[in-house]
Amino acid sequence: MKPDAQDILNKSADQLMGQLAPALNAQYSQGAAAVMALLLKFAGKEYERGADIRAAENADMRALFVELAPRVSDAALRKSLEDAAAARETSFAISALNVANHDLRRVLIAFQIWIEDNGSREDQRRIWSVLKASADRRIVSLF
Amino acid sequence: MSDALSENLAKYLAAKLNAPDLTVHDLARIPGGASRETYRFRARHGGTERKLILRRDPPASLIETERSTEYRAYQAFHKLGLPVPEPIALELGSDALERPFFIMAEIENAMVGSILAPDPYGAHRDRIGQQFFSILGRIAGADPKALGLSDFEGASAPDRCWRHEVARWEKVIDEDEGEPQPIARAAIRWLKRNPPPPAQKICVVHGDYRSGNFLYDANGDIRAILDWEMAHLGDPLEDLGWAIDPLWAHHDPSHPAGTLARADAIQVWEDASGLKADPGALAWWEMFASLKGCAIWISAAHEYATGRNDDPVNAFSGWYCLAYHNKVLADRLGALA
């Protein structure tokens, strides 16, 4: 389907920023239009990468759970880790990936709390490697 | 701009200032953050004209704050001789302009440095940095009781400051998070497990002291410290930690606020405040600053998503600023693991 959504959003942002915002009389309106243009740019990037970063993040969390679940002595927590690790994406729509992502994040929070009290430093570092990768992927670049 | 707002404002000021002939002109909304609607206008009476600013509550406020806080901070620090706008009137009722508001003097011929600009202060960066951290030191060094602000919300004892602030912002995340936040939750646990030493003193904390929240002129002089709505009583290092947070460093964290080198900035603050910035304590407050940032951005995203406040700045905060602070926290906490 052409033009690409990212192309539409980028060009709309450029027009809003370069042509429409300067033509507005009120300072507040100019400022708001400039922020909206920036948001369109962000949305363009998110359109391109959104499904990819969620799928990668979900895969990272599942791999982490597969790797570390056997060390968890808490039976209920181990079961939730194993269930989360066994689940697969049913759709690559952003909304569906978000549902899975939020479920996995909830399990990750409970798991990290348990590891902080019961796990090794190595296990803690392994969890942080997943969280750092997530934070790196989700950075929104201005440029 | 709404004629009704202009007329009602004129009616209010005429009564408030006992100036029956007062008229309002050129009322126009200007950028001023998502938590208050900000308008510039001119008030004429008796052959004179004053340029004034109206700050009105939006239909929904981003961070719920005591409405008189910002106005009282302006009053107190204006008297102390710090660069803040002269406060003119505070109205807590909703009869005059539908929502609470206050009016202050406009600072003319001054500008704000955009937090997105790589070098907003240019040749004036050192001069502005000296003033920026010196003024913050003076705020930290001031006595809340002498300022008449000892009843401000906040911690009542030096050993309670950190706990009070963590609880405050954890509650915001509890109430507003639209998705689970593993990094912010881990930060909260770390902050609770590794508390800082008690505050050296209880001071007035500005609450949002940073690049982008002050006005400066073409000579590189800071003319006004703005946005005191989150002011409270607390640890002096809280403001310093926020002021040197990487988000406000214009892409160069070695020069906080886009001004001085970090060590120089801290030295200026120490000299002006008469306090010490213990590296370990400051590191805790820096971690807290990024967590507080997450809470504010989560709240902004919530306001936008729920339609309570559709200022596009809230959407920007929910995407750009939250991702930024999540990365800062992940890098710092990951390095400590």
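Our structure is the block above this text.
Attention here is on the structure that accompanies the text. (Residues numbered from 1 in each chain as written. Chains lettered and ligands numbered in written order. Predicted model: local features only at pLDDT ≥ 70, side-chain atom pairs only at ≥ 80, totals over all residues.)

1. Quick word on the nonpolar core
Residues and elements named next belong to chain B.
Thinking step 1. Ranked by size, the top nonpolar core spans 131 residues in total, and within it L136, A187 and L291 carry the most contacts.
Thinking step 2. Each of domain 1 (3–105) and domain 2 (111–336) gives at least three residues to this core.
Thinking step 3. Not counting the four nearest positions on each side in its chain, L291 is found in contact with W169, A184, A187, I188, L191 and L329. (Core = buried A, V, L, I, M, F, W, Y, C linked by C-beta atoms within 7 Å. Buried ≥ 20, exposed ≤ 12 C-beta atoms within 10 Å, placed from the backbone. Domains from an automatic or database assignment. Contact = placed C-beta atoms within 7 Å.)

2. Topic: helix α7 (residues 236–243) of chain B
Residue and element names in this part refer to chain B.
Thinking step 1. For α7, the buried fraction is high: 8 of the 8 residues fall into the buried class.
Thinking step 2. Among the residues of α7, those classed as buried are P236, L237, E238, D239, L240, G241, W242 and A243.
Thinking step 3. Residues of α7 that are buried sit in contact with α3 (125–141), α5 (161–176), β7 (203–205), β10 (232–234), α8 (262–273) and α9 (279–305). (Helix = DSSP H or I, 4+ residues; strand = E, 2+ residues; numbered from the N terminus.)

3. Structural notes on the environment of A146(B)
Thinking step 1. Within the fold, A146(B) resides in helix α4 (residues 144–147).
Thinking step 2. Separated by 70 residues in the primary sequence, A146(B) and A76(B) have C-alpha atoms spaced 9.1 Å apart.

4. Focus on the environment of C203(B)
All names here are of chain B.
Thinking step 1. With respect to the secondary-structure elements, C203 resides in strand β7.
Thinking step 2. Residue C203 is classed as buried on the basis of its 26 C-beta neighbours within 10 Å.
Thinking step 3. Taking the C-alpha atoms as reference points, C203 and A140, separated by 63 residues in sequence, lie 5.6 Å from one another.
Thinking step 4. Each residue touching C203, except ones within four places of it in the same chain, is listed here: A140, A142, P144 and P236.

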